[in-house]
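Structure assessment
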Amino acid sequence: MTTKLFLLFFSFLFLSEISFGQAQDYLWPTDASQRLTSTFGETRSAHYHSGLDIKTWGREGYKVFASKDGIIYRLGVSVEGYGKVIYLKHDDGEITVYAHLQRFNEPLQAFVDSIRLKDFSFETDLRVEDLGIKVSQGEVIGYTGSTGVGPPHLHFEIRKDENTPINALRSNLNVEDSIAPTISAMLVFPLSETSSVRNNKFPQLYYPSKDDSGNISFGTIKANGPIGITVSNFDEADGVTNKYATYELGLISGVDTLFYERLDKFKFEEDDVMFTDRIPDISAYRRSYQTLYKKDGPPNPFYRIVDPRAYINPGDSISSFTIFAKDFYGNETTAEFQVDGMPVQPLIQKEIILKPIHKWFWTEDWVFDGNQTIDLKNFKHKLSHIWDTKKNQYLFGTTETDLALSQLLLISRFIPSEPYSFKTPDKELTVRFPSNTFFDTLSVVSYTDSLDGHPYMNIQPTMIPARKEFKIEFYLGDDFEEGNNYQLFRVDRTRDRINYVNSKLIGRTVHGFPSNLGEFIIKPDNKPPVLQTPEIIRTDYGKWLIHITAEDSLSGINFKNSKAFVNGEQGILEYDNEKDLLIYYHPQFIPEKENTITLTVFDNAGNITTQSFKVDQM
């Protein structure tokens, strides 16, 4: 079957599988614009994007309409994620979602406020289907905002059911789009310990060129052993400069489609397979490259064709391939490349371990340190010795005595279906993985040291994603100083900063719960939050608020434990973590000529600031 017939066949299957209710078309859900800032299936920090982001031109307060008749199914308020959000359930069982709202309409806002004022909580998640609150298509249910994550915009979803978001462009909703996707770069990965690209074990980057006829080519890849192709690509639309996910992406050899994906739908329980589909360049964090082959792990909901030959094995003759990228409206870009086998040129290996290990090229089964390939699956090396047979652990270094035990690499290999833990030889670091923390069997490599005078641990490979939080326990021992509130932080070398990890000091041991492997340090956080003078604000919709800038450079603000009183009246203390802004909100608040504002603000390390201000109404 030819490639075109394959794609037509899969399109027919999908249209048979998903049908949007035809009794009532969807209404565009806002008067802000009919332009998009993001599309369905894009890469987010730990999941696929589940809807359309509609452009609001950096402003808030546009009307949000019920896209179809329905009932209010769920109402939520959160500091991250969706922020203020409305879920509508429709007669056909489908659900529409409206997120990052500035506020709800007046009846819904009054209802949500009445619940939150019972305990003055900022966040809430209310299942209200049983109340039978009906809304009609076109009814104003809220107003666009920027709550949760991101600049002002409206996030809109269509879900087949509560757990299955669907690409909303497959309904009657549409945007103007006459621009074809862009294929901007290709990153070629060695897929085995014997593979190389350009006689290099590290992934190799290629940029395209265009000839006078407009044909795009990445040239010839010279490689040995199986390789995998990943591409950086994006789509665009008329009237905006935003970059989107490409709807269809594939790899063709001759008349055979080796790989084909289409961004139609997924289930939220499948969300974390994004980690195997979207991958970063080495030593990078942003997952900007999309695989054109299937990595080990669960099935991907977007993959339609996966041929084993997508693992490209260079032969004695040159092979030709085509990458295609197509948007929802059929605008298409193709790019060609060739693969040429090359003789193996052995690397000159030295008997040294090249640190830092976070700059090595890691896979589950082997690693390249810039000098030598180390087989992690069947680990044998003259610079290593068995540490714990039951735990399948080895110590690895120049010699057993050249380095302190803490600086020798501990290699721990395990199957993720069962819980696993290890302790470094110096007994300072313990790491505990719950079952199914990772997709596949892997080796975790670790050592401890000091960084800028602080206890430091390096736990690799960062490139291999974790599916859930795990636990780090670090015993400070002689590094412990009484009165210091020690916390765990992740080292982010890309942004040259450290990020707080949820942690707690118990005795002399710091217990932390990171969500990915990497580099970590222990630092004391003894400084309470710093508060700026509050400012009384009247919104353009008539409500009075008080804004308080709250800064805490290490562990960050703990808004859940913080409290605010104005003229003796406690209010809801909301928090915008992107602006470091605490917001006093009470639906009945009207400022007096002179106002006494009393704040008790915690950080995540437990430090407290209590402060009172006298603020006049301007």
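Preceding this paragraph is the structure being described.
As a starting point, this report considers the structure included with it. (Residues numbered from 1 in each chain as written. Predicted model: local features only at pLDDT ≥ 70, side-chain atom pairs only at ≥ 80, totals over all residues. Heavy atoms only, no water.)

Looking now at the environment of Asn371. With respect to the helices and strands, Asn371 occurs in the loop between strand 26 (366-368) and strand 27 (373-375). Once the C-alpha coordinates of Asn371 and Trp360 are considered, the two residues, 11 residues apart in sequence, prove to be 9.7 Å apart. (Helix = DSSP H or I, 4+ residues; strand = E, 2+ residues; numbered from the N terminus.)

Let us look at the packing of aromatic side chains. If you walk through the whole model with that rule in mind, you get 30 aromatic pairs. Seen in terms of ring centroids, Phe40 and Phe302 are 6.2 Å apart; in terms of plane orientation they differ by 70°. Their pairing is edge-to-face. Here the residue Phe40 occupies a position in the loop between strand 1 (36-38) and strand 2 (52-55), and Phe302 occupies one in the loop between strand 21 (289-291) and strand 22 (303-306), the gap between them amounting to 262 residues. As far as burial versus exposure is concerned, Phe40 and Phe302 are alike and both buried. Each member of the aromatic cluster is reached from another via a ring pair, and the members are Phe414, Tyr420, Phe422, Phe433, Phe438 and Phe470. Looking at Arg103, its charged tip hangs above the ring of Tyr541, at a distance of 3.9 Å from the centre. (Phe/Tyr/Trp six-rings, centres within 6.5 Å; stacked < 30°, edge-to-face > 60°. Buried < 20%, exposed > 50% of the residue type's maximum accessible area, 1.4 Å probe, protein only. Lys NZ or Arg CZ within 6 Å of the ring centre and 35° of its normal.)

The next subject is the sheet that holds strand 36 (residues 486-492). Pairing between the strands of a sheet is mediated by backbone hydrogen bonds and can be parallel or antiparallel. Taken together, the eight strands give an open sheet; going across it, the order is 28-29-30-33-34-40-36-37, and neighbouring strands pair in antiparallel fashion. A single partner strand is all that each edge strand has here, and the edge strands are strand 28 (384-388) and strand 37 (497-501). Strand-to-strand, the axes of this sheet are offset by a mean angle of 30°, without reference to chain direction. Across five bridges, the pairing between strand 30 (residues 409-414) and strand 33 (residues 442-451) is antiparallel. Bridging across to strand 33, Arg413 finds its partner in Ser443. (Pairing = 2+ DSSP bridges. Axes fitted to C-alpha atoms, helices over the stretch in contact; angles between N-to-C directions.)

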